[in-house]
Structure formats: C-alpha cells, structure tokens
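# Notes for the structure review
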Amino acid sequence: MPPYQKKVEKPWGYEIHWTPSDLPYVGKILHINAGKRLSLQRHDKKQETWYMMKGKAKVVWDNEKKELIETELEYGRG
C-alpha cells in the first residue's frame, strides 16, 4: 500500500489519518484542543487504537451489557 496521510479538521481540533478510511482499521492521531469534547460514537465495523501522548482524557465505553463505563486515560498507556 502506498504511503497515506490525510488531515481532517474537527470542531474540537483535528485528526491525522495514516490509513484510508475505507479499511476496517483506521490509524489516526487525534489532536484535541484543551477544554473540548468529542461526541459519543459507535463503530460496529471499524476498529481504532488510542495512545495518550500527553494531557488527560476521560473516555466513555459500553460493556457487553451495553452499560456505559467512564475511564480516565493515562499518559503512555494504550
């Protein structure tokens, strides 16, 4: 696959994709401006991996019972 990079502007900052969005796995870097929020999203057919490079963030996940669980992300942990 040839090299790929695409910057996507968002209301909360921007994303840099390093894989095309039509693949089942999307590689991306998220830059979230301080004090901004992302919307709650659900992906049934797409997978993403997150790695906190700096700062703090809370993520809301749903478990197998569809209950929402809040997790605080830590620097350096995927």
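What you see is a predicted model, and the numbers here were worked out from it, not measured in a lab.

By the element assignment, Glu15 lies in strand S2 (residues 13–17). Take Glu15: its relative accessible area is 7%, and that puts it in the buried class. A distance of 2.6 Å separates polar atoms of two side chains, one belonging to Glu15 and the other to His17. Contacts of Glu15, omitting those with residues within four sequence positions, involve Lys6, Lys7, Val8, Lys10, Lys28, Ile29 and Leu30.

So, on to the pairing of strand S5 (residues 68–73). The sheet contact formed by strand S4 (residues 57–62) and S5 spans six bridges and is antiparallel. Across the sheet, residue Ala57 finds its bridge partner in S5, namely Leu73. Remark: five residues form the turn of the hairpin made by S4 and S5, two consecutive strands paired antiparallel; Lys66 in that turn has positive phi of roughly 65°.

To continue, consider the sheet that holds strand S1 (residues 6–10). Pairing within the open sheet is antiparallel, and its three strands lie in the order S1-S2-S3. Edge positions in the sheet fall to S1 and strand S3 (28–32), since each has one partner strand and no second. Strand-to-strand twist across the sheet, computed as the mean angle between neighbouring axes with direction ignored, equals 15°. Pairing geometry for S1 and S2, over five bridges, is antiparallel. Among the inter-strand pairings, Lys10 is bridged to a residue of S2, identified as Gly13.

The full count for this structure, using the stated rule, is three salt bridges. One salt bridge in this structure joins Lys28 and Glu15, with 3.5 Å as the shortest N-O distance. With Lys28 in strand S3 and Glu15 in strand S2, this pair connects stretches of sequence that are 13 residues apart. Just as Lys28 is buried, Glu15 falls in that class too. Among the ionic pairs, Lys58 bridges to Glu70, the shortest N-O distance being 3.7 Å. In this pair, Lys58 sits in strand S4 while Glu70 sits in strand S5, placing the two residues twelve residues apart along the sequence. In this pair, the class of Lys58 matches that of Glu70, namely exposed.

The rules behind these values
Residues numbered from 1 in each chain as written. Predicted model: local features only at pLDDT ≥ 70, side-chain atom pairs only at ≥ 80, totals over all residues. Heavy atoms only, no water. Helix = DSSP H or I, 4+ residues; strand = E, 2+ residues; numbered from the N terminus. Buried < 20%, exposed > 50% of the residue type's maximum accessible area, 1.4 Å probe, protein only. Polar contact = N/O pair within 3.5 Å; in protein donor to acceptor, adjacent residues only side chain to side chain. Contact = heavy atoms within 4.5 Å. Pairing = 2+ DSSP bridges. Axes fitted to C-alpha atoms, helices over the stretch in contact; angles between N-to-C directions. Salt bridge = Lys/Arg side-chain N within 4 Å of Asp/Glu carboxyl O.

So far we have only geometry, and geometry alone does not tell us how the molecule works.
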